[in-house]
Every structure is written in C-alpha cells, then in structure tokens.
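Take a look at the letters that make up each chain.
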Amino acid sequence: MTYQELVSKIVQLQDEGLELFNAGKSVLGKNILATHVGSYDGTQILIQAGIHAREYITSLLLVEMARNLHNNDLIQEGGIYFVFLANPDGAEIVLDGLDSIPCEITKNYLISANGGSTDFSQYKANVNLVDLNTNFDADWGNGSQNVFCPSTEDFVGFYPNSEREVLSLINFTLQTKPSLTISYHTKGNVIYYGFEGEGDQNIARDQSIGESLSEITGYPLIFTENSTGGYKDWCIDSLKIPAYTIEVGDNSIPHPLGIETLPEIYQRNKDVPIVALQKAIEYAQEIDFTTPDVINITKEVKNASNEKGYIARLQSRLNWRSAHRSGDSKRR
Ligand SMILES: [Zn+2]
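Residues numbered from 1 in each chain as written. Predicted model: local features only at pLDDT ≥ 70, side-chain atom pairs only at ≥ 80, totals over all residues.

Colleague: I'd like to hear about helix H1 (residues 3–11), residue by residue, with values.
Modeller: Listing the buried residues of H1 in full gives Tyr3, Leu6, Val7 and Ile10. Take H1 and look down its axis: the buried residues cluster within an arc of 95°, on one side only. Summarising the geometry of H1, the exposed residues directed more than 90 degrees from the buried face are Gln4, Glu5 and Ser8. As for H1, its buried residues are in contact with strand S2 (31–38), helix H2 (57–69) and helix H3 (88–96). (Buried ≥ 20, exposed ≤ 12 C-beta atoms within 10 Å, placed from the backbone. Helix = DSSP H or I, 4+ residues; strand = E, 2+ residues; numbered from the N terminus. Arc of directions from axis to C-beta. Contact = placed C-beta atoms within 7 Å.)

Colleague: Could you give an account of the packing of H2 against helix H8 (residues 262–269), naming the residues involved and the relevant values?
Modeller: Packed helix pairs are specified by the crossing angle of their axes together with the interaxial distance, meaning the distance between the axes. At a closest axis distance of 10 Å, the pairing of H2 and H8 adopts a crossing angle of 55°. With respect to H8, the element H2 is oriented oblique. When you trace H2 past H8, the crossing you get is right-handed. Side by side, H2 and H8 meet where Ile57, Leu60, Leu61 and Glu64 of the first sit next to Leu262, Ile265, Tyr266 and Asn269 of the second. Here the residues of the contact of H2 with H8 are counted per class, giving six nonpolar, one polar and one charged. (Axes fitted to C-alpha atoms, helices over the stretch in contact; angles between N-to-C directions. Parallel < 35°, antiparallel > 145°, perpendicular 65-115°, else oblique. Left-handed = near helix turned anticlockwise from the far one by under 90°. Nonpolar A, V, L, I, M, F, W, Y, C, P; charged D, E, K, R; others polar.)

Colleague: Give me the pairing of strand S4 (residues 79–83): which residues, what numbers.
Modeller: Of all the five residues making up S4, five are buried; the element is thus mostly covered by neighbouring parts of the structure. Of the two faces of S4, both are covered, the one formed by Gly79, Tyr81 and Val83 as well as the one formed by Ile80 and Phe82. Direction of pairing for S2 relative to S4: antiparallel, over a ladder of five bridges. Paired with Val37 across the bridge in S4 is Ile80. Here five bridges tie strand S3 (residues 44–49) to S4, and the two strands are oriented parallel to one another. Note that in S4 the partner of Leu46 across the bridge is Tyr81. For the handedness criterion, the β-α-β arrangement of S3, H2 and S4 is classed as right-handed. (Pairing = 2+ DSSP bridges. Right-handed = clockwise from strand over helix to strand, strands pointing away.)

Colleague: Describe the environment of Phe172, and please don't skip the residues or the numbers.
Modeller: Relative to the assigned elements, Phe172 resides in helix H5 (residues 164–176). Spatially, the C-alpha atoms of Phe172 and Val83 are 9.4 Å apart, while their sequence positions differ by 89 residues. If sequence neighbours within four positions are ignored, Phe172 has contacts with Ala23, Gly24, Ala34 and Val83.

Colleague: Run through H5, naming residues and quoting values.
Modeller: Between its terminal C-alpha atoms H5 stretches 18 Å, which fits the 18 Å expected from 13 residues at 1.5 Å a residue. Within the span of H5, buried status applies to Arg164, Glu165, Val166, Leu167, Ser168, Leu169, Ile170, Phe172 and Thr173. Note on H5: the residue one or two positions beyond its end, Lys177, has a positive phi of about 50°. (Expected span 1.5 Å × (residues − 1).)

Colleague: So what about the sheet that holds strand S6 (residues 190–193)? Which residues, and what values?
Modeller: Two modes of strand pairing occur in sheets, parallel and antiparallel, and in both the strands are linked by backbone hydrogen bonds. In spatial order, the strands read S1-S2-S4-S3-S5-S8-S6-S7; together these eight strands make up an open sheet with mixed pairing. With one partner strand each, in any of the chains shown, strand S1 (20–25) and strand S7 (221–223) form the two edges of the open sheet. Strand-to-strand, the axes of this sheet are offset by a mean angle of 25°, without reference to chain direction. Across the sheet, H2 is in contact with S2, S3, S4, strand S5 (181–186) and strand S8 (243–248); its angle to S5 comes to roughly 135°.

Written out as structure tokens, the structure is:
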C-alpha cells in the first residue's frame, strides 16, 4: 500500500455521504482528516488512530467503523468523531520511504537516526523524530521508555506539546468536547485505562467502562503504569474524562500489520464505538468540561498555535530551517 492509497480510502468516504474535515495540520502541512457520525447534539466521543507511523492499519479500522456507522440507527443519541490518521507525515515515511521528504539534509538526518538504514517500515515518530504519543503534557518525560534525543521512537520532544500534530489533536479535542476518547494502536490485543495520579473515583469509573470494552473485544483490561505523555494520558490528566488505548493485533504479527489482518481486527472492534458512546452518555453527567483547568489549557494552546514561527523555532533548533531552504532552492 502507498500513502496515497491510504489517504484515498479515507477520502472515498465522501462518496458515501460522510463529511470530511480537518482536525489540524502535520509538520509538513498535511491535513489531519476527520469525520463525524451521529448527532452533533448531546454527548460526543472521539476516536483517533495512526499516531504511531507504522500503525496505519488502525486508520483503516476507523474507515470501516465510520463507513458502517454512517446513517446507522444504532446511534440513538450523541455522536462520534473519528480522527483517521494523527501522524500523516510518519505514515508517508513508512509507506513510501523518504521520497516524500522535501530536502536532502532532512533525509540524511532521518537516515542517521534510523541507524543508517533506508528501511523505514518500523518507523513510529513524526518527521521531527518525535514520538507524538509521548509529547503530550501529562507527566511529560517521566515514562520508563522515554528518550531525550531525536529518535525513530520514544523521543518525547524538546518540550511538551512541541509538535504541530499534538497541538492539532489538543485543539480539536477542546473544540469537540468529547466525554470519552479512544486511541487505537497496535499491537498486543489489550486495552489500557487510567493514569497514575488519577483520583480513585475516576479510576473506578474508567475501570467500569473499560470492563465493558474488554467484554465486547475479548481484550484484557490493564491499568497503565510507567507510561506518560500520551493522548490518552492527557485526556485523563487534564480533561478528567475516561480515555483508553486499545492495542489491536497479536504480538506475534510483525510490524507494520498487513492489510489481511484488518477483517479480524474489525470484527473484534466493530461494537467499540457504540458501546463507548453508550457508556459516555451514561457517565457524562459527572464529567465537567468547564473546569478552570480546561479553560487554562484552551488559552495556552491558542497562544502556542497562534505564535508565529513556533514551528520555525523548533525546526531551527534541529538545524532544519537552512536545510529546508536549500531543499527548496534546489527544486526551483
Ligand atoms: Zn502505538
């Protein structure tokens, strides 16, 4: 599969009547595509996938889910946002190699971080060599596998929320106000819930909802330990909403999971959106989305997004600005 074929699968949903919109932009300026099913009134949930580059099979899972839930009377109230591919630049690197990268210095930088290899099939990061699912501001930098230098995986970034994709997801979440979120990853066939430091009352709530998701998928439910900076962690820590990471695919299957694994994965996960929405509706009354904490995050993210050149500053820190310039002039 090529990157273009992957994006086509998402875009084709428009032909089936689904409305596509942008949840934000990647570092290289790609749109982060999203859709919505059900009603915009009432409780909303958000399901995102593909934040780790090599895990793009989860984007295809969301395409199937959205297709099958469109105009489906299983959704009685509320609605579901799908963010198909949170890390489009990374997925392109995995699927197409470095041909997509706009300049030689950047290519060499990526190859050097990849141990000198041009095989990027195992790549997880974004184009800045940041592992996006460690970059969120939730006990940032304290995960057991975190690294602090650019890397194909596990690099937390030079500061929390440094990456455009991360700010995009935060912005989109604050705009859509989901009462529950799910992040799809591969692999291991498990569901992670909770976050260290979360209050007991919320842990009990998250465990109870998680058990329902575990029951319908057959994936065991595990409390998250020694993992920080993920989207799920940020949702729990900052927004106080229930949030889950679902790892699809057996451990024995090598990365990236082939498209032939999708039917089985879909079968196990097809009821997740509906059950998650039902549970969110049930628990939504106790979720307060207007806490001072959330209002402060909204302000901070707005400032960061509006700050001209914040991405330019990050890139110059990585010595990229001149690299992009020379790349551009060569193309001209
Ligand atoms: Zn992952």
